[in-house]
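Okay, here's what each chain looks like letter by letter:
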Amino acid sequence: MSSQHFTSPSLINFKMHYRCILLVVGALMLSSCNVVKRVKTNEHLITSNTILEDSTKITNERINNIILQRTNSGMRKILSFPLKLHIYNLARPNIDSILYADVLNDTSKVRRRTKLLSKKQFNKLIESRRDFNAWLKRTGEAPVIYDGEKTIKTANNLRKYYYSKGWFNNEITFNVEKDSTKKAQVTYHVKKNKPYVLDSLKPFISSTAIDSLYSQFSENTLLKKGEQYDEQRYENERERINKYLRNRGFYHFGQDYIRFEMDTINTNHKVHTDLIIANRTIRGDDSTTTAPFKIYKIKDVNIFTDDNYSNRNQPIIDTTIYKNVNLYSKEKLRFRPKALTDAVFLTQGDTYSDLARSRTQRYLNDLQMFRYPNVDFVENEADSTLTANIFLEPKKKYGLSFDPEINTSNIQTIGFSFSSGLKIRNIFRGAETLDISGVAAIGASRNPSANETSFFDINEFGANIRLTIPRLFSPFNTDKIIPKYMSPSTIINLSATSQQNIGLDKQAISSIYSYNWFPSSTVTNTLELFNVNFVKNLNTSNYFGVYTSSFASLNTIARNINYIDDDEILFDGSIPNSFAPADVFINDVLTGNETLSAADFQAVNNIEERRERLTENNLIFSTSFDYKKDKRKSTFDNDFSVFKWRVELAGNLLANVSSLIGSEKNDNNYEIFGVAFSQYIKTEIDYIKYIDLGKKNVFAFRSYAGIAIPYGNSNNIPFAESFFAGGPNDNRAWTAFNLGPGSSKTTNEFNEANFKLHLSAEQRFSLFGAFQGAVFVDAGNIWNVLDNVEDEAATLNDFRSLQDIAVGSGFGIRYDFDFFVLRFDVGFKTYDPSQDISNRWFRDYNFRNAVYNIGINYPF
């Protein structure tokens, strides 16, 4: 695992304050729970706000947010412990006076301490006490004192809110209960009375051009007869009409020209609405006139391909016209005209449209070729047309990156790596981007072999070439299937890596040819036409040096039957002072030369099958499709959902070609260059849902299911394509690869299978400052299904196997650095399927057997 070292203000503050936090926690535990400690005489701390709507308590966050004086954080929670208020109460309101009275006013005390500490250290000590007191106030939360005027304002705001929802005759009252302990409880009573409903909608449109379209844009009106009045629905209707008209050529139209007038006098709780759309207002230097709105068309489209501040006074020397688009350059045109015109959705002769303008802006940004592309329009008053001017400032053609790292991991004491990259923009003059990168790493192994004399015995080298083409690179015309407004692109990627003294010393080559497009602002589609991966294991003799648990089990079985002495170990090819070869022992067992119990024989057989699978070379030739729908509006949105689906087919093309040309099978498998290629179908479904509960409380839920079924040329799934369970982003009560399969009691380092179910639920809440807390429940497991694994405990046979779903629960503390979240989660094994069926619940539910996870950002 690599790591990058950096220093940020947030990280520094975190380090500075962690001792303060421990002091605060201890003080809170020892101090009294007097929440009114800082409440003055004749003042009252608000301990509750309640809104009763027709005698029913309101829990709706939107309505409760209307209250101007919210109670202190944690005041109304189940445990009713306002942590932030208690932290604030620890601060001294008059710290300077206290310091003066206790220390600074006593010259002899000052003299003794400065003699003991030095003048500079003494001043630092005094300043640290002031800083700590300020930190308590800043981190804590001042008591919310009852204010009668704010309560009246809240009542008025509630009256306005219910009015906006159609209860025009609502009545709002409130009462305040104050007690002798300086606490107050405020209750607001809402009497809605009969609501008003929409009845008629009459248009009054001044411009003939807009009036002629009324029958079209009124078909989808949001104002329906018989529905209860809602002010927000009227606002949404204004936005809808404005959007419709601006996409129909009304360049000067704006939302302010639309207004509604309602009549509710003597209407029997019905609302008669007039839709008024005024003429355009034209403001001159000293006068204002009105005129009907006109429909504007695009007269010319101009692209200034190299516009920037430094060449603003230079003349245009290169002019090209392509598909009725004028391209102007102050130097030689760097791009093929088609590469730029494909990004433009504004067409000569078309009616003006906001949608075409925004699509042009987005497409140009997606090219990542230009700095802040700008689309402007100039009005031609003589013929009511527009000239579209697109200003582009190209980025530098070449970009270099360097990234040195120092890291450590469970396989190396220290490692050094260096990666570099070269980015070439517009490499073929079609707005393509070529990225070339390489990495070189060396490291010192924690367990070097006896024959290794070099300190840095680990090395890894890799290279990657990636070409991004801003269109679908295909011999067929796909514009009708995937229009260019979906920002289609093609990615061609080639990579190669080589490892030495890392695991089984792999060499890998991969290539990808994929299409990407965006049907909407929330949906992303990726079609990998070809994804080829070839992995060659160079040091298979080191298998038992990597998978030590399997080797230990093998040695135990060999000693139990006196195959080797108790002080001996099998020979695995890398361990010195070992005796009988492990391969010979396994062969003796499987051929019947050594007699074992049924359980031990199955264990040896499983070890050998697993070794053959993990040491074999892999060739995967697959095609896949990914669909993702992400409804998150921004990084601050905490009420959204994400749905992902992936399906992958591997080996079909190679199998069909091999069959057609009559290739011979080796051990019942087709081979390419001496390697049996994998054939399987794999699909995954992932759904994430966030629910914003208000007050920085978020409920997050995740469900995941994946299955990979081998067939044809394969009877198992390649290790890289299988599923595992456990870890900081999965079931946090188990470490990664340590859960499953099923109820098996395996001690393998890497447990994997070809079917997985996972569910997670997490409640996140604010503690204080940048600290956040969470409680969570994780459930799931992995199983083998429809492959060559026969272990009953590891396979999914029927619905009864679902009783092997593992359950973990726990809590977490997170620190938000703004640009990332540092996460510490503690997971407890709540239901452990590896135990006997009658002893699975809460068997190891304690801190000694807990799993401590450290992660970056949220688990989902």
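What comes next is a walk through the structure. (Residues numbered from 1 in each chain as written. Predicted model: local features only at pLDDT ≥ 70, side-chain atom pairs only at ≥ 80, totals over all residues. Heavy atoms only, no water.)

## What about the pattern of salt bridges?
The condition is simple: Salt bridge, as applied in this entry: a Lys or Arg side-chain nitrogen positioned within 4 Å of an Asp or Glu carboxyl oxygen. Partly exposed describes any residue whose relative accessible area lies between the buried limit of under 20% and the exposed limit of over 50%, with all areas from a 1.4 Å probe on protein chains only and scaled to the type maximum.
This structure, assessed with the given rule, holds 35 salt bridges. In this structure, the salt-bridge partner of E61 is R70, at a minimum N-O distance of 3.8 Å. Among the residues examined, E61 registers a relative accessible area of 24% and is labelled partly exposed. For R70, a relative accessible area of 25% corresponds to the partly exposed category. Among the ionic pairs, E227 bridges to R233, the shortest N-O distance being 3.6 Å. A relative accessible area of 31% means that E227 is categorised as partly exposed.

## Observations concerning the packing of helix α5 (residues 107-117) against helix α6 (residues 119-139)
Packed helix pairs are specified by the crossing angle of their axes together with the interaxial distance, meaning the distance between the axes. Formally: Lines fitted to C-alpha atoms define the axes here, with helix axes fitted over just the stretch in contact, and angles between the N-to-C directions of these axes take values from 0 to 180 degrees. Secondary structure elements follow DSSP: runs of H or I of four or more residues count as helices, runs of E of two or more count as strands, with numbering from the N terminus. Here the word oblique covers every angle except those under 35 degrees (roughly parallel), over 145 (roughly antiparallel) and from 65 to 115 (roughly perpendicular). Working rule for handedness: look at the near helix, and if it is turned counterclockwise from the far one by less than a right angle, call the crossing left-handed; if clockwise, right-handed. Residues count as neighbours in contact if any of their non-hydrogen atoms are within 4.5 Å of one another.
At a minimum axis distance of 7 Å, the contact between α5 and α6 shows a crossing angle of 115°. In terms of orientation, α5 lies roughly perpendicular with respect to α6. Along this stretch, α5 crosses α6, giving a crossing that reads as right-handed. When α5 is examined against α6, the residues V110, R113, T114 and L117 are found in contact with a partner set consisting of K119, Q121, F122 and L125.

## Topic: the sheet that holds strand β3 (residues 171-178)
To keep it simple, the criterion reads: In this description, strands pair whenever DSSP reports at least two bridges between them.
The strand order across the open sheet built from four strands is β2-β1-β4-β3, with neighbouring strands paired in mixed fashion. Both edges of this open sheet fall to β2 (56-57) and β3, since each of them pairs with a single strand only. In this structure, strand β1 (residues 45-53) lies alongside β2, joined through two bridges in antiparallel fashion. Counted as the bridge partner of E53 is T56 from β2. Contacts between helix α7 (residues 148-164) and the sheet are confined to β1, β3 and β4 (183-191), with β3 contributing the most and set at about 150° to the helix.

## A look at the pairing of strand β22 (residues 618-630)
Residues in a regular strand point their side chains to alternate faces of the sheet. Looking at chain direction, strand β21 (residues 523-537) and β22 are connected through eleven bridges and run antiparallel. Within the sheet, the bridge partner assigned to V535 lies in β22 and is N618. One ladder, built from nine bridges, connects β22 with strand β23 (residues 640-650); its direction is antiparallel. Opposite K629, over in β23, you have F643 as the bridge partner.

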